[in-house]
Structures are given as structure tokens and as C-alpha cells.
Amino acid sequence: DSGVTQTPKHLITATGQRVTLRCSPRSGDLSVYWYQQSLDQGLQFLIQYYNGEERAKGNILERFSAQQFPDLHSELNLSSLELGDSALYFCASSSGLAGGPRYNEQFFGPGTRLTVL
Amino acid sequence: LAKTTQPISMDSYEGQEVNITCSHNNIATNDYITWYQQFPSQGPRFIIQGYKTKVTNEVASLFIPADRKSSTLSLPRVSLSDTAVYYCLVGSLHILTGGGNKLTFGTGTQLKVEL
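As a convention, each chain's residues are numbered from 1 in the sequence order in which they are written. Labels are handed out in written order, letters beginning with A for the chains and numbers beginning with 1 for the ligands. Side-chain atom pairs in this predicted model are given and counted only at pLDDT of 80 or more, local residue features only at pLDDT of at least 70, and totals for whole chains, interfaces and linings cover all residues. For side-chain calculations, the full set of non-hydrogen atoms in the structure is used, while hydrogens and water are omitted.

1. Comments concerning the pattern of salt bridges
Residues and elements named next belong to chain A.
Right, so step 1: One speaks of a salt bridge when a side-chain nitrogen belonging to Lys or Arg is within 4 Å of a carboxyl oxygen belonging to Asp or Glu. In the structure shown here, the tally under the stated rule is three salt bridges over all chains.
Right, so step 2: With a shortest N-O distance of 3.7 Å, Glu82 and Arg63 are connected by a salt bridge. Remark: Arg63 occurs in the loop between strand S6 (53–57) and strand S7 (64–68) and Glu82 occurs in the loop between strand S8 (74–78) and strand S9 (87–94); sequence separation between them is 19 residues.
Right, so step 3: When its relative accessible area of 43% is taken as the criterion, Glu82 is described as partly exposed.
Right, so step 4: Residues Arg63 and Asp85 are paired through a salt bridge, measuring 2.8 Å at the closest nitrogen-oxygen approach. One end of the pair, Arg63, is in the loop between S6 and S7; the other, Asp85, is in the loop between S8 and S9, and 22 residues separate them in sequence.
Right, so step 5: Judged by relative accessible area, Asp85 falls into the buried class, the value being 3%. Helix and strand definitions follow DSSP, with helices as H or I runs of at least four residues and strands as E runs of at least two, each counted in order from the N terminus. The buried label goes to any residue with under 20% of its type's maximum accessible area, the exposed label to any with over 50%, and the partly exposed label to all in between, with areas taken from a 1.4 Å probe on protein chains only.

Take a look at the structure:
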């Protein structure tokens, strides 16, 4: 158990709909990352937040948005869903602090499997 | 943005040592090399990280030559439970540099261990 929780585990919806994925980081971690993993694809970085502020953006579509709340949990909002958005969405957290042999360790949640029909 | 190249797949037998090499020709000065393991339908799990030379922990070793343009993950005496996808990741999570946008996972190496 990584200490990162994601809800829901599975989500089935229709094209054109909007969904919200939720992530609670590991206790004490201030950084949250969102990734998308499609079938036969590697992990695509979407966006990073640190202590409530957006820090880095990857290949995130304009239809997608995210935020990190004062209690450090994060939500990823996906709108106008398309069939191609079907994927596993992972949230990861890290302390964001320098130093140590596990300095770059990200702790990944179990993921949310999104199916768009 | 450092691009990584790994073999798509590797096969091994229980008890053997497995070495997976990753190429990262345009690694930056501040970049670390980190390896993750992923089982189907699970999130990746940290294995080891390094900056240069050799790093060893309880599960693996990481060899990084002086030019840092490649790295080799070494798994001693693999077992069936080591069958997974292994990702090499080049970058840094240092918050001051906003490291997240440099963290691109490659396509990974599917390791299959047989009896």
C-alpha cells in the first residue's frame, strides 16, 4: 500500500460527459502528479501541483483540468469525454524535498480505470 | 527533455541475473535516473535511483557510467514474481525546478521470468 488513495476505482461513462477523479496524497507529501496510461502506452504525465499551486504541465488536453485543495487532495476533471480518453489514470505524490537515496520516489495510487462508451 | 530508450521485452529464467539497459543521450546535469516496476493494473513502484557510478539497495543495483548517457538496472536472481514492466525515468523532482514536466516515462521493458 503506497498510502495514496484514488477514487473511484472504476468509472464507466458516455461520450460527451464530464467526470471527476479524486486523489489523496500520502501523508506529508505536498506534490501531486497526474498520469494517463492508455492500452499499450507508457505513462503520460499530465500535470503537477505543489502545495496548491500548479507547478508543471505535460500533455494535458484543454478539456482536462485539475486542482489541489488546501487539505492537499487533488481532483482531475475530464470533460467532453471521447472514446480515446478511456485509460488508467494514476495519481502520484512525493515530498518534493531534496536529498536522500529515494529523493525522486513518487508514490503511485492504485489508479482509476475510465471507460468511455 | 531527456528521451529514454529501452528494449521492449526481455526473457529470463528463475535464479538468473537480469540486466536492463536504458539509453538517455541528452541527460541534463541536474537529472537523476530512476527505475520503476509496474504490474498489470497497478501503479508503478519505485525500485532505485542514482546520479552516477553504482548504487545498490536491497532489491537491485544501478550502474551509471561516467558520461551518464546510459544506465543499467541489475536484478539479481530473479523469480517469477519479478515478471513486470520496468521503466527508466530521467529527470528530477526537485520542486524548485518544477521537475514534473521533465518526467516522461518511456515505453518500458516487459520482463518475463520463467521456470
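Additional details are given in the paragraphs that follow.
2. So, the layout of surface pockets
Right, so step 1: Quantified by volume, the second largest pocket comes out at close to 350 Å³.
Right, so step 2: A per-class count over the lining of the second largest pocket returns seven nonpolar, eight polar and three charged. Cavity and pocket criteria rest on a 1 Å grid covering protein atoms alone: a 1.4 Å probe that fits but cannot get out defines a cavity, protein on both sides within 12 Å along at least 5 of 7 lines defines an open pocket, and an atom within 4 Å of a point defines a lining residue. Grid points are joined across faces, edges and corners, and a volume is the space filled by probe spheres set on the points. Gly is put with the polar residues, along with every residue not named as nonpolar or charged; the nonpolar set is Ala, Val, Leu, Ile, Met, Phe, Trp, Tyr, Cys and Pro, and the charged set is Asp, Glu, Lys and Arg.

3. A few points about the state of the cysteines
Residue and element names in this part refer to chain A.
Right, so step 1: Note on disulfides: each one is a pair of cysteine sulfur atoms within 2.5 Å. Under the defined criterion, the tally for this structure stands at two disulfides over all chains.
Right, so step 2: Covalent S-S linkage joins Cys23 and Cys91, the inter-sulfur distance amounting to 1.8 Å. For the disulfide bridge between Cys23 and Cys91, the dihedral angle about the S-S bond is near -50 degrees, and by the sign convention the bridge is left-handed. With Cys23 in strand S3 (residues 19–24) and Cys91 in strand S9, the pair connects residues that are 68 residues apart, well separated along the chain. Judged on exposure class, the residue Cys23 and its partner Cys91 are both buried.

4. Let's talk about the side chain of Ser71(B)
Residues and elements named next belong to chain B.
Right, so step 1: Here Ser71 lies in strand S7 (residues 70–75).
Right, so step 2: Reaching out from Ser71, the side chain makes a polar contact with the side chain of His24 at a distance of 3.0 Å.
Right, so step 3: When checking whether two residues touch, look at their non-hydrogen atoms; a contact exists if any pair is within 4.5 Å. The residues contacting Ser71, other than those within four sequence positions of it, are Ile20, Thr21, Cys22, His24, Ile33, Trp35, Leu62, Phe63, Ile64 and Cys88. As used in this structure description, the phrase polar contact means that two N or O atoms lie within 3.5 Å; if the pair is within protein, one of them must be able to donate a hydrogen and the other to accept it, and residues adjacent in sequence are counted only when both atoms belong to side chains.

5. Points about the pairing of strand S5 (residues 43–50) of chain A
All names here are of chain A.
Right, so step 1: The buried fraction of S5 is high, at seven of eight residues.
Right, so step 2: Pairing geometry for strand S4 (residues 31–37) and S5, over seven bridges, is antiparallel. For Trp34, the partnering residue across the bridge sits in S5 and is Ile47.
Right, so step 3: Two strands qualify as a pair provided that DSSP identifies no fewer than 2 bridges between them. Here S5 hands over to S6 after two residues, with Asn51 in that stretch at a positive phi of 50 degrees.

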